[in-house]
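A structural walkthrough
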Amino acid sequence: MNVQAADGAGETRVLVVEDDRGIAESLVRGLRQAGYVAEGVRNGRDALAAHTPDVVLLDLGLPDIDGVEVCRMLRARSDAAIIAVTARGEEADRVVALDEGADDYLVKPFGLAELLARIRAVLRRRRPAGPEIVRHGPLALDLRTRQVSVDGRPVSLTPKEFAVLECLTADPGRVMSRQQILERAWDAHWYGPTKVLDVHVAALRRKLGVPGLIETVYGHGFRLGALQEPREHP
Ligand code: CA
C-alpha cells in the first residue's frame, strides 16, 4: 500500500519514545514518509527534554523512567497528544496511562496505517478551532457530540456504526481495509470474522440513505465515494 501524505501533516511534530532501535527507526521513517516531522528518543529523560511535540508516541516500557510516570510528567507540562504504546497483555498499564492523561493507546505490534489513523484522530480531537464537524457531500459528522446528519436530517447511529463512519471519513476517498476498520472500530486487534463489518456497513447505508456514499472496493475494503465530482470512467 502506498503511504500518502496526511492532510496538514507537514507542520505536525511527532516524538517517538521507544527504546527498541529497530521499531523506533521504522516508525520515524514511516511517519516522515507520511509527511510528519518525526524524531525518536530512546528513554524517558530525553522524552521529557524534547522540544514541544504535537504528538508523543510513548512506549510505556522504557529503560529509565516508568512510562506511566513519563506520561504524567508530559501531561503536566505540555498539551501534546499522547498515544501510549504497550505490549500485549499490559492492560493495567494502558488503563493507568489513560488515567494519567494519555489520549489513546496502541498495542504492539501495530501497523503504520493504524498509527497514522490514531494520530489523525487525536489531532482532530485536540484541534481547538470551532466545532469539529466533518462534512462529505450531504453527510455531516460532529466528532465531539458524535451526532450525524444527512442534508441536515439527524441520523441515529449505534456507537459501532459511528466508529465505522468516522474511520471512513478520516481520509475520504482512500480505501480502508476491512482489518483497518475493524481494528479502529472494534478493538486494537480483531481476529474474528469480518462479516460483522458487512452487517454494520449495510445498516449504515440503510440509515444514511445516500447511494454511493459508502463504496465497496472488492477484495480490499470500503471508502467514501466522491459524491460531488463527476465520476470518471473506470
Ligand atoms: Ca520498550
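Every chain is numbered independently, its residues counted from 1 as its sequence is written. Residues qualify for local features only when their pLDDT is at least 70, as the model is predicted, and side-chain atom pairs are given and counted only at 80 or more; totals for whole chains, interfaces and linings, by contrast, use all residues. For side-chain calculations, the full set of non-hydrogen atoms in the structure is used, while hydrogens and water are omitted.

A short note on the overall build of the chain
Note the cut-off: Helix and strand definitions here come from DSSP, where helices need a minimum of 4 consecutive H or I residues and strands a minimum of 2 consecutive E residues; each element is numbered from the N-terminal end. Residue exposure (1.4 Å probe, protein chains only): buried if accessible area is under 20% of the type maximum, exposed if over 50%, otherwise partly exposed. A contact between two residues is defined here by any heavy atoms of the two lying within 4.5 Å. Under the convention used here, a 1.4 Å probe and the Shrake-Rupley method define accessible areas, while residue burial counts only the protein chains that appear.
When its secondary structure is counted, the chain shows eight helices and 12 strands. Across the 234 residues of the chain, 47% fall into the buried class. Across the chain, every contact between residues at least 6 apart in sequence was considered, and the portion connecting residues at least 24 apart equals 54%. When the accessible surface of the chain is totalled, it reaches about 12200 Å², and 51% of it is carbon and sulfur.

Some details on the pattern of salt bridges
Applied cut-off: The term salt bridge refers to a pairing of a side-chain nitrogen on Lys or Arg with a carboxyl oxygen on Asp or Glu at a separation within 4 Å.
Under the criterion given, the structure shown has 15 salt bridges. Here arginine 21 and glutamate 25 are joined by a salt bridge, their closest N and O atoms 3.9 Å apart. With a gap of four residues between them, arginine 21 and glutamate 25 both fall in helix H1 (residues 21-33), about one helical turn apart. Taken together, the shared-partner salt bridges connect Glu18, Asp59 and Lys108 into one network.

Comments concerning the coordination of the calcium ion
We apply this condition: Donor atoms (N, O, S) are those found within 2.8 Å of the metal centre, with the cutoff raised to 3.2 Å for Na, K and Ca; water is not part of the atom list, so apparent gaps in a site can occur.
Donor atoms from the polypeptide that coordinate the calcium ion comprise Asp19 (OD), Asp59 (OD) and Gly61 (O), at 2.1 to 2.3 Å from the metal. Each donor residue of the calcium ion belongs to the same chain, with the gaps between them written as D-x39-D-x1-G. The exposure class assigned to aspartate 59 is buried, which follows from its relative accessible area of 4%.

Section: the pairing of strand S3 (residues 55-59)
As a reminder, the rule being used: Strand pairing requires that DSSP identify at least two bridges connecting the strands. Here is how to tell: hold the view so the strands point away, follow the path from the first strand over the helix to the second, and if it runs clockwise the crossover is right-handed.
Most of S3 sits inside the fold, with five of its five residues counted as buried. Where strand S1 (residues 13-17) and S3 come together, four bridges link them in parallel fashion. Looking across to S3, one finds that valine 17 is bridged to leucine 58. The sheet contact formed by S3 and strand S4 (residues 81-86) spans five bridges and is parallel. Directly across from valine 55, in S4, lies its bridge partner alanine 81. Read as a crossover between parallel neighbours, the route from S3 over helix H3 (residues 67-77) to S4 is right-handed.

What to know about the sheet that holds S4
Put simply, the test is: For helices, the axis comes from a line fit to the C-alpha atoms of the stretch in contact; other axes are also lines fit to C-alpha atoms, and the angle between any two N-to-C directions lies between 0 and 180 degrees.
Taken in spatial order, the five strands of this open sheet run S2-S1-S3-S4-S5, and their pairing is parallel. The open sheet is flanked by strand S2 (37-41) and strand S5 (104-107), the only strands paired with a single partner. This sheet shows a mean twist of 20° between the axes of neighbouring strands, independent of strand direction.

Quick look at H1
Applied cut-off: Every helix has an expected span of 1.5 Å times one less than the residues it contains. The arc in question is the one traced by the directions running from the helix axis out to the C-beta atoms. Here a polar contact means two N or O atoms within 3.5 Å. Within protein one must be a hydrogen donor candidate and the other an acceptor candidate, and residues neighboring in sequence count only if both atoms are side-chain atoms.
In this model, H1 (13 residues) spans 18 Å end to end at C-alpha, consistent with the 18 Å of a helix rising 1.5 Å per residue. Of the residues making up H1, those classed as buried are Ala24, Leu27, Val28, Gly30 and Leu31. In an axial view of H1, the angular spread of the buried residues amounts to 165°, which keeps them on one side of the axis. More than 90 degrees from the buried face of H1, the exposed residues found are Arg21, Arg32 and Gln33. Lining the buried residues of H1 we find S1, S2, S3 and helix H5 (112-126). Of the residues that open H1, the one with a side-chain oxygen 3.0 Å from the backbone nitrogen of glycine 22 is aspartate 20. Just beyond H1, the residue with positive phi is glycine 35, at close to 100°.

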